[in-house]
Structure formats: structure tokens, C-alpha cells
Amino acid sequence: MKAALLAVLDLARVSWAVDRRRLVTAVVLMMAEACALPLAAAALGVLTDRAVSGDVEGAALAGGVAAVAAIVGLTGGHFAHIFYLELGELNLLRLDRDLIDVTNGSATLGHHERPEVADRLAVLKEEFTRIPSVGMSSLLTGTSLVVAMVINGVLLGRVNPWLLLLPLAALPSVHAGRHAESLMQTRRHSAASPTRTAQHVLRLARTAAFAKELRVLGLREELTARHGRHWQEATRILRGGQVRASAWRTGGHLCFALAYAGAMLLVTRAAVAGEQPVGSIVLVVVLAMQINAQVGSAITLLQEWQRMSGTLASFRQVKKLVLGADRPPATARLPERMTHGIRVRLPHFAYPGTDRPALTDVDLLLPAGSTVAVVGENGAGKTTLVKLLCRFYDTTSGTIEVDGVDLADVDPLHWRSRISAGFQDFSRFELVARQTVGVGDLPRVDDDGAVSKALDLARASDVFARLDDGPDTPLGHSLPGGRELSGGQWQKLAIGRSMMRQDPLLLVLDEPTAALDARAEHQVFERYAENARRIGRRTGAVTVLVSHRFSTVRDADLILVVAGSRIAESGTHSELMKENGLYAELYTLQARQYS
Ligand SMILES: Nc1ncnc2c1ncn2[C@@H]1O[C@H](COP(=O)(O)OP(=O)(O)OP(=O)(O)O)[C@@H](O)[C@H]1O
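Residues numbered from 1 in each chain as written. Predicted model: local features only at pLDDT ≥ 70, side-chain atom pairs only at ≥ 80, totals over all residues.

**Quick word on the overall build of the chain**
Thinking step 1. Secondary structure assignment for the chain yields 16 helices and 10 strands.
Thinking step 2. Here the chain holds 595 residues, and 37% of them are scored as buried.
Thinking step 3. Intrachain contacts of the chain at a sequence separation of at least 6 include 76% that bridge at least 24 residues. (Helix = DSSP H or I, 4+ residues; strand = E, 2+ residues; numbered from the N terminus. Buried ≥ 20, exposed ≤ 12 C-beta atoms within 10 Å, placed from the backbone. Contact = placed C-beta atoms within 7 Å.)

Have a look at this one:
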């Protein structure tokens, strides 16, 4: 609860900084609402007394006051809502930034594959959209509730001090409400896994890129059935929780209803006995109804705070899981120029959450300035080697050293700023064409000269040439007037992007050429290797090319053949051919196919 209170106060602080005029207006309107409703009740009591005593003028005046107070009471909150909703939207931006920081701010990628993190992140994404508006509304509603309850207390206490116990009768209700929310919170977490799966299926069915395959395979009905099954599973879990939560809430409300009936009995008897004016019955009827509504609001408020508190606690846990415990900062610096090379010693590597080794017994030196080709069959471990070189995962045993500097001691951001990479599962950045390539070197994102040079090196200049507005053409569906590209065109831009950086120590091209034919791939690799050699002479960079096509990479300085999670063979093309092992066998096989 403390976390929620702190979060709400933080929202108020940010709102004050962002737009204090809106915040003050919202507070004034909420306070007006808080005072107006009890005032309307008091005015109705006076109206009744004046009417009974035949004072028409007094009754009319009291009626007017009651009417105005009722209007202010019923509309003040509504207008306040408009103001704090806008402030909530501004706060949403900040929470989204926190979420992006957590999902993408970690040094490694392991958390993306851990179900407990993925489930929590799915719930957090939903919950974070509610927090800003709910947080702001609960802050203002909470304050106005306190004010309204104090006024109600004073008015009720004047009629009969026993009536001050009325709000106490709300405590079982409050307790039941909190218990109900805690039940729901547990259920929401249990439902996260089927919900995530159902959303994944829905995404598959809605994504244009998958439409062709889904149609050809006739998967529409299967997907609909699967989506329905997972959704029903999630709904079943949530519905069970809702039934139990409603039972608790109803029990709580019943307690208050009994106390309400008792209070009415008390004032009616006093009025009948002539100890109280008749107007006090009206006053208590209206105030008790308001108290009922206020207790309801207080319960909702507490539930929201509890929910918010749970969300923030979950966020902290995810943050800890993703960003890890505070480690001493990695401060080792990399050389501007590499002279020796990258030494990889990996006795064993398994992906987080699995026992099966993805790489074993790796002991390699990738010499500075060299071009290293990695070949091997599907699932052999080629990409794993590349990912470890990029430090996307912490090595569980062994080390990777750049000129003797252990990468574990280097800030991952520092290392990655010295990497240029194109991956097989590259991103389709839907930006203006120039920037889609330019983000490969952020400081030069809008540098037309640099972008066009990178495209030239990637043999991709033709992509821009075919766009109506050239480099200024927006790409993809998310931008207005965006132009969709073919798979191969997106690929070419991704390769261009990987050629933007000028002084990397590691260049990686991990099969981003799958949509190109063998000849085109060979040409791209040739240009890439040519450029890499130039960079290599300048910075001593190591270039790693991953391919299934042996002929493409035969000119590499070092060829690594990965098989069954091991480096089965290594050497130059002619050395490996002489060895007459796996490489020679596969090379000859492929050469026959392509000849
Ligand atoms: N994120 C992951 N989590 C768990 N296991 C993984 C993960 N990525 C890959 N693997 C496993 O590690 C092994 C090596 O995969 P890797 O992607 O390195 O193969 P590859 O040689 O690059 O294959 P391909 O040529 O098909 O791209 C495979 O058995 C694969 O199932």
C-alpha cells in the first residue's frame, strides 16, 4: 500500500510539474463536489422543517440552495475528470518509458525467453495503461472523500452521536472488498499465460505478413479454435475469481445495509417522539445514502490502490529479474584498435531455462582484421556463437576476450557501440526510408551521404531508386502514406543499416540474405567483406559471416564448421578441402547442386 501511496504522490508531483493549472482546477472541482453533496442534504433537512412549520419563503430558499448544491455535487466530479484524465495521459508516457526501459534495458536477452517474466510483462502492459488515470482519480477522489466524510460526520453527530458509528459499519465492507481484490489479483496472474497464448494466436491471425501461409495451410479455423480455447481458459479462471470476489463484496455490503436500517430506526423514533425535527429524518436518509456511496467509493479506491500496489510490486520484481541484482559497474575499456583478436573459450553454453548445450568445447581465436565464416547445418549453433559474441547472453562458463579484455568486465553498451550487425531476423523499422537505414549509426541517422554509401556497399541503392520520394518515403503501414516493401527490399535495407558504423571492432552478418539468390548473396558478402577488410585495416575489426552457402564464404580468412554444438573443423577453404572432412563433403555436395 505504501508503494501505491508513493506512486500516487509521484503522479501528483509529475502532474504539478507538467501542468499545475489543470491540477489545481481538478482539485477545486473535486473539493466543490465534496462539500456540495452534504450541503444539499442539510438544505433538504431545513427545507422539510420550514415546510412543516409553514415558512414558504424559507422552504423555497432552502430548496434553491439544495438544488444548486446538488448540481455542483453531481457535475463537479465530471468536469474534474476531464482535467485529471489529460494529466493521466501525460503520466502514461512516463510509465511506458519505464516499461520500455525494463523490456529493453537489460544487458542480455535471456529474460525474453523466461515465461515468468513474459507473463508478468503481459499483465504489466495492461495494467500500466490504467495506472495514470486511475492513480490521478484515486488521489483526487480520496482527498474529496475525506473532506465529504468529515462534513457528513459533523452533520450526523449533531443529530445523534451514535450515528457517527455508521461509517464504522463500513469496515467489514472494506475488508471484504480488499480480500475480493486480492483474489482477483491472483486470478489475473493465473490467467496471464492462456491470455498471452490467445493474444499470440490472434496476432498470428491478424498480421498481414502471415496471411499467405495461413490461407494456403487452411489454418483459419484451427487458429480460431485455438484462440477460443485459450481465451475460454483465461475467462474461466477470471470468472471463478469474480464469482468468489462478488460473494465477499455482497457479504460486506449486507453488513452496512443492516447498520443503515438501524440508523433510520433511531432517527425515526426520535422524530416520532418529538425529540428531533422531522427534517432530521430527511437529513439522515440523504446523508446515509451518501455515506453508502462514499463507502463504496472508498472500497473501490482501496481496491484500486491495492491493485496498483500489486502492479508496482510486480514491476519491481520484473525489473529485478530482468536487470538483475545490482552488479558492480563493468568499467573495463576496449581498445580503440584491436591488435590481437577475439578469444572465445566456452566449455559449455545452454540457453537460460534449458539444460541442453547449444555450444560446447569452443576454444577459438578470431584474429584481428580477419574475416571469419561460420557454416553448418540448421540448429548447429552458428547464431548462438554470434549472439554470445554480441553478449546477448551471459556466458555460464568460459570467457570471451577482446584483446585480452574480458567482455564480462565491459559495459555491454560500450561493447555494442563497437558492433555492426545484420541478423536473419532483422527488424523492419517503419520510418522514413533514410532513417530505416540511418539508425544503423544513430549520430548520422539523417546523413544522406552516409546512408547512400552504406546502401551502395550493401548493393541496395536500387531500393531507394524505386521509391516515389526516394529517401524521404515513409515505409510500412504505421506511417501515413507509408509504402510497403518486399521481403527482399527490407532485407537489403537491413544489410545497408549494418554497414553504417565506421569504427566497429566486430562486424556480424548472420544470414540476413535468405531472400537473395546464391549469386546475389555472394555479391553482397563480397562487398561486405571488402568493406570489412577496409575497416579491419583501420580498427583491427573481426568480421563474422554466417551462411549456409559454402561457396559464398570460401574466401574467408578462417572458416568455422559448426556441427552438433561444436566447432567440428576450422581453417581456410584450401586447408579444409585438403582435410577432406565434413566441410569438403558439404562443399562438394553444394557445388554440385549449384553447378
Ligand atoms: N533462445 C533460445 N532458447 C533456447 N534454445 C535455443 C534458443 N535459440 C536457439 N536455441 C537452440 O540452440 C541450438 C542452436 O541454435 P542456433 O540458432 O545457434 O542454430 P543455427 O546454427 O544458427 O541454426 P540456423 O542455421 O537454423 O539458423 C538449437 O538446438 C536451438 O534449438
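**Thoughts on helix H6 (residues 220–272)**
Thinking step 1. With 53 residues, H6 should cover 78 Å at 1.5 Å per step; its first-to-last C-alpha distance of 73 Å lies within 8% of that length.
Thinking step 2. If you check which residues of H6 are buried, you get His230, Ala234, Ile237, Ala245, Gly252, Phe256, Ala259, Ala263 and Val267.
Thinking step 3. Looking at the residues trailing H6, positive phi occurs at Gly274, about 80 degrees. (Expected span 1.5 Å × (residues − 1).)

**Some points on the confidence of the model for the chain**
As a note on interpretation, predicted positions should not be read in detail where pLDDT is low.
Thinking step 1. Chain-level pLDDT for the chain is 83 on average; 93% of the residues reach the 70-or-more range.
Thinking step 2. Per the prediction output, this complex has pTM 0.64; the corresponding ipTM is 0.96. (pLDDT = per-residue confidence, 0-100.)

**Considering the site of the ligand**
Thinking step 1. Taken together, 12 residues surround the ligand, and among them Tyr351, Asn378, Lys382, Thr383 and Thr384 come closest.
Thinking step 2. It is helix H8 (residues 382–389) that provides the largest number of residues to the shell around the ligand, a total of three residues.
Thinking step 3. In the shell around the ligand, the residues fall into three nonpolar, seven polar and two charged. (Near = placed C-beta within 6 Å. Nonpolar A, V, L, I, M, F, W, Y, C, P; charged D, E, K, R; others polar.)

**Re the UniProt feature "transmembrane region" (unreviewed entry) in the chain**
Thinking step 1. The positions that UniProt labels "transmembrane region" (unreviewed entry) are, in the present scheme, residues 27–47, 59–84 and 134–156.
Thinking step 2. Taken end to end, residues 27–47 is 100% helix and 0% strand, and its two terminal C-alpha atoms sit 30 Å from one another.
Thinking step 3. The span residues 134–156 is 100% helix and 0% strand, and its two end C-alpha atoms sit 31 Å from each other. (UniProt positions renumbered as here; feature names shortened; annotations may be inferred.)

**Looking at the sheet that holds strand S1 (residues 341–350)**
Thinking step 1. If you trace the four strands from one edge of the open sheet to the other, you get S2-S1-S4-S5, paired in antiparallel fashion. With partners counted over all chains shown, the strands left at the sheet margins are strand S2 (357–367) and strand S5 (405–406), one partner each.
Thinking step 2. Across the face of the sheet, H8 comes into contact with S1, S2 and strand S4 (399–402) while running at roughly 120 degrees to S1. (Pairing = 2+ DSSP bridges. Axes fitted to C-alpha atoms, helices over the stretch in contact; angles between N-to-C directions.)

**Quick notes on helix H11 (residues 448–457)**
Thinking step 1. Inspection of H11 places Ala450, Val451, Ala454, Leu455 and Leu457 among the buried residues, and these make up the whole buried set. Relative to the axis of H11, the buried residues are bounded by an arc of 160 degrees and lie together on one face.
Thinking step 2. Looking one or two residues past H11, Arg459 carries a phi angle of roughly 55 degrees, positive in sign. (Arc of directions from axis to C-beta.)

**Here we look at the sheet that holds strand S10 (residues 566–571)**
Thinking step 1. Spatial ordering of the open sheet is given by S6-S7-S8-S3-S9-S10, a layout of six strands whose pairing is mixed. Either end of the sheet is taken by a strand with one partner, and the two such strands are strand S6 (419–422) and S10. Direction aside, the axes of adjacent strands within the sheet are offset by 15 degrees on average.
Thinking step 2. In the sheet, strand S7 (residues 506–510) pairs with strand S8 (residues 542–546) via five bridges, with the strands oriented parallel. For Leu506, the partnering residue across the bridge sits in S8 and is Val542.
Thinking step 3. Its contacts with the sheet put H8 on strand S3 (371–376), S7, S8 and strand S9 (558–563), and the angle it makes with S8 is roughly 150 degrees.

**Some remarks on unusual backbone geometry**
Thinking step 1. With a phi angle near 50 degrees, Asp361 is a residue other than glycine that sits in the positive phi range.
Thinking step 2. On the secondary structure map, Asp361 appears in strand S2.

**Examining the pairing of S8**
Thinking step 1. Extensive coverage of S8 is indicated by the burial of five of its five residues.
Thinking step 2. Both faces of S8 are covered, namely the face carrying Val542, Val544 and Val546 and the face carrying Thr543 and Leu545.
Thinking step 3. Two strands pair when backbone bridges link them, and S3 and S8 are joined in this way by four bridges, in the parallel orientation. Residue Thr371 lies in a different strand from S8, and its bridge partner there is Thr543.

**Remarks on the packing of helix H4 (residues 171–206) against H6**
Two packed helices can be described by the angle between their axes and the distance between those axes.
Thinking step 1. The interhelical angle for the contact between H4 and H6, taken along N-to-C directions, is 170 degrees, at an axis separation of 8 Å. It follows from the interaxial angle that H4 and H6 lie roughly antiparallel.
Thinking step 2. Each residue belonging to the contact of H4 with H6 can be placed in one class, and the counts come to 21 nonpolar, 14 polar and five charged. (Parallel < 35°, antiparallel > 145°, perpendicular 65-115°, else oblique.)

**Topic: the environment of Leu165**
Thinking step 1. Structurally, Leu165 is set in the loop between helix H3 (115–159) and H4.
Thinking step 2. What makes Leu165 partly exposed here is the crowd of 13 C-beta atoms within 10 Å.
Thinking step 3. Taking the C-alpha atoms as reference, Leu165 lies 8.8 Å from Ala259; in sequence the two are 94 residues apart.

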